[in-house]
Amino acid sequence: MTETADIVVVGGGSIGASVALHLAERKAGKIILLERRELASGASGKGIGIIRTHYTHPVLAELAQQSLRTFHEFKERFGGHESGFNPCGYFVLVPESETETLERIVTMHQRMGINVSLVDPKAVQALVPQLAVDDVAAVAHEPDSGYGSPPQTTLALARRAAELGVELCTQTPVLEIKLDLEGRVQGVSTPAGDIVTRTVVDCVGPWAKKFTEHLGLEFPVKPVVEHVVVVERPTAFAQHHPVISDLVNLAYSRSDPDQPYTRIGNSNPKYHQQFALEDADEFQGQIFPEICENLYKKLGQRCPSFQQAPIVETYSGIWGVTPDYQPILDHLDHVPGLYCAVGFSGHGYKLSPVVGDLMSRFILGERDGQVAQLRLFRFGRFKENDLIKAPLSYAQAGGLR
Ligand SMILES: Cc1cc2nc3c(=O)[nH]c(=O)nc-3n(C[C@H](O)[C@H](O)[C@H](O)COP(=O)(O)OP(=O)(O)OC[C@H]3O[C@@H](n4cnc5c(N)ncnc54)[C@H](O)[C@@H]3O)c2cc1C
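Residues numbered from 1 in each chain as written. Predicted model: local features only at pLDDT ≥ 70, side-chain atom pairs only at ≥ 80, totals over all residues. Heavy atoms only, no water.

Draft legend 1. Focus on the overall build of the protein chain. When its secondary structure is counted, the protein chain shows 11 helices and 20 strands. Taken along the three principal axes of its C-alpha coordinates, the protein chain extends 65 × 40 × 40 Å. Per-residue burial over the protein chain gives 60% buried out of 401 residues. Within the protein chain, contacts between residues at least 6 apart in sequence are counted, and of these 74% link residues at least 24 apart. Accessible surface, the protein chain: about 16,100 Å² in total, of which carbon and sulfur atoms supply 49%. Where the 37 positive side-chain charges of the protein chain centre and where its 47 negative ones centre are 1 Å apart. (Helix = DSSP H or I, 4+ residues; strand = E, 2+ residues; numbered from the N terminus. Buried < 20%, exposed > 50% of the residue type's maximum accessible area, 1.4 Å probe, protein only. Contact = heavy atoms within 4.5 Å. Areas by Shrake-Rupley, 256 points an atom, 1.4 Å probe, with all protein chains shown as cover. Lys, Arg positive; Asp, Glu negative; His and termini not counted. Charge placed at Lys NZ, Arg CZ, Asp CG, Glu CD.)

In structure tokens:
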């Protein structure tokens, strides 16, 4: 069977769903989204879902700010579908050595109109009395930020896309991108048959390297296993707490919406080398116990009442990490008709609304205004040795910020 489409989006994570939806909103013609397993079966099924604007690079802060606005109005904006967003607030805790950097970032964000302020560590403790803050020198607070549910958001975006006419095909892997004699995209092949199209959008997340190898493209996207430990809060600490980005211990945590559980993940880039895989298909949900023990210990240091708390679950997901920890959002000039939005390096969920918006405009030919910012994320920056570098950076958290 051979079908035709104006645009084929490959990958049913939050990025692919958002790109397809925004293309449909812009009436880009017949759009087919192909997912090899189920929607949100990759990184988007396991993400911890933190939504914040605290970025050291102004362009990323601006994109996150725009996404945050969309999360606040998600239901009205996307046909009544819910993202699971909980604006419970977000705190960044830093040690003495990072105080100046934090202050400068907060000043930059305030100039950009982001709702953020510096607060005294003792004031944070007044809000969350279980926190130990003796080693915390400064804190930034984003009251409008929080966390969402990446799988719920992905399904919401995909359902809205389907309502607007996008054809969603799960259990449909793309085996090959087919080119014509001039090297331009002419279709994709799947086990169910070929689809003829002039435009393919690669949103395959951690699978980016393998996906386009047959075209001679080298995507510098390393699959990395990322762990999450879920702990039950003691009765004395039953209340929901804000998101804590702990840059003293290099860990982040957030509450669950329905259970008295706290989830903790790692912000220490040194583990990424250790947990990198050659191929995303090697990922089978493996757990490295030493990092889980380490995360549990960090949680106990930050909140001593967690020191005996039962672990409910430990699990892992997979990230696609680039050398500068920033995504690749581009058109592949060597392969006319091929676009990509991959390599989100562990922070793509919060950006998914704005990336869908910008990529759809880019694919439809817009190049000016905010779309011009996509140049920062171009594929060629790695070969040009022009990696994305923020004017300010935290010494230990590296590119993760
Ligand atoms: C543990 C963990 C914690 C995280 N925490 C945060 C956080 O706090 N905040 C944040 O913003 N982000 C976070 N992230 C990252 C975030 O979840 C992702 O960046 C985001 O969901 C976007 O993912 P994606 O759509 O790019 O990739 P994915 O969700 O992986 O989607 C790619 C899809 O492509 C499909 N695919 C692959 N190859 C093919 C093929 N050949 N044909 C068809 N389909 C194919 C895969 O099956 C997959 O479903 C976290 C991720 C993990 C794992």
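Draft legend 2. How the structure looks around the pairing of strand β10 (residues 176-179). Here β10 pairs with strand β11 (residues 185-190) via four bridges, running antiparallel. For L179, the partnering residue across the bridge sits in β11 and is V185. Connecting β10 to the antiparallel partner β11 that follows it, the hairpin turn spans five residues, and G183 within it adopts a positive phi of roughly 85°. (Pairing = 2+ DSSP bridges.)

Draft legend 3. Up close: the site of the ligand. In the region of the ligand, 39 residues are neighbours, and E35, A43, S44, I50 and K350 sit closest. Between the ligand and S14, the relevant distance is 3.3 Å, taken from an oxygen atom to a side-chain nitrogen or oxygen of the residue. In this structure, an oxygen atom belonging to the ligand sits 2.7 Å away from a side-chain N or O atom of E35. Starting from 1,000 Å² of accessible surface for the ligand in isolation, the protein chains cover 96%. Only α1 (14-25), α2 (43-46), β14 (222-232), β18 (311-321) and α11 (348-363) provide two or more residues apiece to the shell around the ligand. Residues of the shell around the ligand, tallied by class, amount to 19 nonpolar, 15 polar and five charged. When residues of the shell around the ligand are assigned to domains, at least three map to each of domain 1 (2-46 + 151-221 + 324-400) and domain 2 (86-144 + 223-318). (Near = heavy atom within 4 Å. Polar contact = N/O pair within 3.5 Å; in protein donor to acceptor, adjacent residues only side chain to side chain. Nonpolar A, V, L, I, M, F, W, Y, C, P; charged D, E, K, R; others polar. Domains from an automatic or database assignment.)

Draft legend 4. Up close: the domain arrangement of the protein chain. Domain boundaries in the protein chain define domain 1 (2-46 + 151-221 + 324-400) and domain 2 (86-144 + 223-318). One C-alpha centre belongs to domain 1, the other to domain 2; they are set 29 Å apart. With 18 residues of domain 1 in contact, the opposing surface of domain 2 contributes 21 residues. Between domain 1 and domain 2, the buried area comes to about 1,800 Å², and carbon and sulfur atoms account for 60% of it. When the buried surface of domain 1 facing domain 2 is broken down by residue, K46, L392 and Y394 rank first, second and third, together holding 38% of it. The partner of R36 in a salt bridge is D281, with the nearest N and O atoms 3.0 Å apart. (Buried area = accessible area lost by both parts, 1.4 Å probe. Salt bridge = Lys/Arg side-chain N within 4 Å of Asp/Glu carboxyl O.)

Draft legend 5. Looking closely at the pairing of strand β7 (residues 138-142). Of all five residues that make up β7, five are buried, and the element is covered over most of its length. Of the two faces of β7, the one carrying A138, A140 and E142 and the one carrying V139 and H141 are both buried. Pairing of strand β5 (residues 90-94) with β7 involves five bridges; the strand directions are antiparallel. Residue pairing across strands places L93 opposite V139, the latter belonging to β7. Sheet topology places strand β6 (residues 117-119) next to β7; three bridges connect them, and they run antiparallel. Of the residues in β7, the one forming a bridge with L118 is A140.

Draft legend 6. Representation of the sheet that holds β10. An order of β1-β12-β11-β10 is seen for the four strands of this open sheet, with the pairing classed as mixed. Sheet topology places β1 (2-4) and β10 at the edges, where each strand pairs with a single neighbour. Averaged over all neighbouring strand pairs, the angle between strand axes comes to 25°, with direction disregarded. Here three bridges tie β1 to strand β12 (residues 193-196), and the two strands are oriented parallel to one another. Paired with T4 across the bridge in β12 is V196. (Axes fitted to C-alpha atoms, helices over the stretch in contact; angles between N-to-C directions.)

Draft legend 7. A look at helix α7 (residues 150-163). Taking 1.5 Å of rise per residue, 14 residues should cover 20 Å, and α7 covers 20 Å from first to last C-alpha, within 8% of that figure. Along α7, the residues classified as buried are P150, T153, T154, A156, L157, A158 and A161. Of the surrounding secondary structure, the elements contacted by the buried residues of α7 are α1, α2, α3 (58-72), α4 (74-77), β9 (167-169) and α11. Two residues or fewer past α7, G165 is found with a positive phi of approximately 105°. (Expected span 1.5 Å × (residues − 1).)

Draft legend 8. Quick peek at the packing of aromatic side chains. Inspection of the entire model under this criterion finds nine aromatic pairs. A ring pair is formed by F71 and F74, whose centres lie 6.1 Å apart and whose planes are at 15°; its orientation type is stacked. We note that F71, like F74, is buried. Between Y271 and F275, the ring centres sit 5.9 Å apart and the planes meet at 5°, which makes this aromatic pair stacked. Both residues of the pair, Y271 and F275, count as buried. Put simply, the rings of F71, F74, F78, F85 and Y349 pair up and form one aromatic cluster. Here the guanidinium or amino end of R52 rests over the ring plane of Y55, the centre of that ring lying 4.3 Å away. Here the guanidinium or amino end of R233 rests over the ring plane of F237, the centre of that ring lying 5.7 Å away. (Phe/Tyr/Trp six-rings, centres within 6.5 Å; stacked < 30°, edge-to-face > 60°. Lys NZ or Arg CZ within 6 Å of the ring centre and 35° of its normal.)

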